[in-house]
Amino acid sequence: MAANPMSQFDVYRIGPEIKVGAFDISFTNASLFMILSTISILLIFNLGSKKNSILPNKIQLLAELSYTFVSKMISDTAGSKAKPYFAFIFSLFMFVLFCNMLGMIPYTFTVTSHIIVTFVLAAFIFIGVTVIGFIKHGFGYLKLFVPSGVPAVLLPLIVVIEIISYLSRPISLSVRLFANMMAGHTMMKVFGGFVISLGIVGGWLPLSFSVALTGLEILVAFLQAYVFAILTCIYLNDALNLHH
Amino acid sequence: MFKKIYFQSIFFSFFFIKEAFAAESGGMPQLNPEFWVSQIFWLILTFGIMYLVLSKLILPKISNNLESRKSQILENIEAAEKQREDSDAKLKEYDEIISQSKLEANSIFNQAREKALKDIGAKREILDKQIDNEIAEAEKEIDALRKNVPDKINKIAIETSSELLQKLIGAEVNNSSISAIVEDLSKRNGDKYYGN
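All residue numbers refer to position in the chain's written sequence, counted from 1. To read the labels, note that chains go from A and ligands from 1, taken in the order they are written. Only residues with pLDDT of at least 70 are given local features in this predicted model, and only at 80 or more are side-chain atom pairs given and counted; all residues enter the totals for whole chains, interfaces and linings.

1. Side note on the environment of Lys92 of chain B
Residues and elements named next belong to chain B. A helix here means a DSSP run of H or I that spans at least four residues, while a strand means a run of E at least two residues long, and both kinds are numbered starting from the N terminus. In this structure, Lys92 sits in helix 2 (residues 36-169). With 10 C-beta atoms packed within 10 Å, Lys92 lands in the exposed category. Sequence-wise, Lys92 and Ala171 are 79 residues apart; in three dimensions their C-alpha atoms are separated by 111 Å. Each residue is classed by its C-beta neighbour count within 10 Å, where at least 20 other C-beta atoms makes it buried, 12 or fewer makes it exposed, and intermediate counts make it partly exposed; the C-beta atoms are placed from backbone geometry.

2. Some points on the packing of helix 1 (residues 29-50) of chain A against helix 2 (residues 58-78) of chain A
All names here are of chain A. Helix axes use the C-alpha atoms of the stretch in contact, all axes being lines fitted to C-alpha atoms, and the angles between their N-to-C directions lie in the range 0 to 180 degrees. Helix 2 packs onto helix 1 with a crossing angle of 110° between their chain directions and a minimal axis gap of 7 Å. On the basis of their axis angle, the class for helix 1 and helix 2 is roughly perpendicular. Where helix 1 abuts helix 2, its residues Ile44, Phe45, Leu47, Gly48 and Ser49 lie against Ile59, Gln60, Leu62, Ala63 and Glu64. Ten residues, namely Ala, Val, Leu, Ile, Met, Phe, Trp, Tyr, Cys and Pro, are considered nonpolar, four, namely Asp, Glu, Lys and Arg, are considered charged, and the remaining ones, Gly among them, are considered polar. Among the residues making up the contact of helix 1 with helix 2, the classes are represented as six nonpolar, three polar and one charged. Relative orientations are named as follows: roughly parallel for angles under 35 degrees, roughly antiparallel for angles over 145 degrees, roughly perpendicular for angles from 65 to 115 degrees, and oblique for any other angle. C-beta atoms are placed from the backbone for every residue, and two residues are taken to be in contact when these atoms lie within 7 Å.

3. Overview of the interface of chain B and chain A
At the interface, 39 residues of chain B touch 46 residues of chain A. Listed by contribution, the elements that provide at least two residues to the side of chain B that touches chain A are helix 1 (2-24) and helix 2 of chain B. Take the side of chain B that touches chain A: its biggest share by element is 25 residues, from helix 2 of chain B. Counted by class, the side of chain B that touches chain A contains 25 nonpolar, eleven polar and three charged residues.

Pasting the structure below:
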C-alpha cells in the first residue's frame, strides 16, 4: 500500500479481462468484496435460520434480532403497506452494512466508498419508488409535489422546489453514503500514515487519533447503512401513503 | 523542554508528509470510469442473488421460526393460565373444607359445652337441695335447742340458787319459791339474754 490515502480506493482487475461487447466486466477487487459480503450475509442468515429452537443460540438470535429490527424500522416509517418490500429493504440494509463493516478491516476494499455503486443502488430505489407511486395512485401521485395548505401565490415556487428535491433524492442518497465512507477511510489512512512517518517519537498522538477514529468509523458504518435503509423506507412511505 | 521538542517535531513532520502525499496524488479513483460497468454488473449480480436467496429461502424461514415461537409461547402461557385457574379452584375447595370442618368443630365443642353445663346444673341443683335440706334440719335443731334453753337455764339457776342458799343459810329452802323468783326474773330479762 502506498502512502497516498486515496490509493485504497483503487479498483484493479483480478484475473483476466472479461469483455461483453464494448463493456469491460472483469472481476475486480470490488467484485471480490461484493461477493464476500454477499456470502457472509447468506452464511450468517442461513445458519441463523436453520434450527428453530425455543431458546435461540447466538447466531439464531443475531438473525432474528436483525429481522425484527428491520421489520420494526419498516413498519414504523412506512406502515403495514410496505410489507411486500421487506425482503428488498432487508437485503439493502444488510448489503450496505456488510460492505461498510468489511471495509473496516485493514487492507480490505470498501465497496460503498464508490459513487457508482451507491448511485446504482439509489437510482434503483428512486426509479422503483416512483414506479410504485404511479402504479398505486396513477397521476394522483403528482399531488406529492403540491403540498396542502400553501397559499396560491407561493404554489408555483413550492412545486418547483418540491420537484427539485424529489429529483435530487437519488443524488443525496448516494452521495451521503459514498462521501461518508470515503472521508472516513481517507482520514484513517492519513492518520495511519502519520503514525509511520512520525515514528516512535511523535507517532503516539496520531495513533491515539487512529484508535478513536476506528471506533467512530464503525459507528458511521452502521449509521450510514441504517440511514440508507430508513430513507428508502421514507421514500417508499411517500409512494404508498400519499398524504398530501 | 522535551515536550516542546516533541510537539515541534510533530508539527514539522506534517509538512514533510503533505509534500510526500502531494507528490503521489492522482485524484479520486472513484471518478475513473474504467471499471464502472464492471462494478455495476457485479453489484447487480451479487445483490440480485443475495436478494433472491434471502427473500425466497432465508427470510420466510426466520419469520416462520419467529411465528412458531410466538405461538408456542402463547400456548404455554395459556396452559399456565389454565393450571393456575385449576390450582385456584383447588385452593378454594380446600379453604371451604377447612372452614366447614372449623364450623363442625365449633358446633361439636358447643354441644359438648352445653351438655357439660347441663350436667353441672343438674348436679348443682341436687346438691343445693341436699344442702338446703340439711340447713333446714340444722335450723330446726337449733330452734328446738333454743326453745329448750330458757327452761334448762331456769332449772340450772333454780338448782344452783337452792344449793347456794343451802350452803349459805344451812337450811332447806323451798324449791318452788325459788323457781317462782327465777321465772319472774327470766320473764323480765329473758329478752336481754337470749336476744329473741
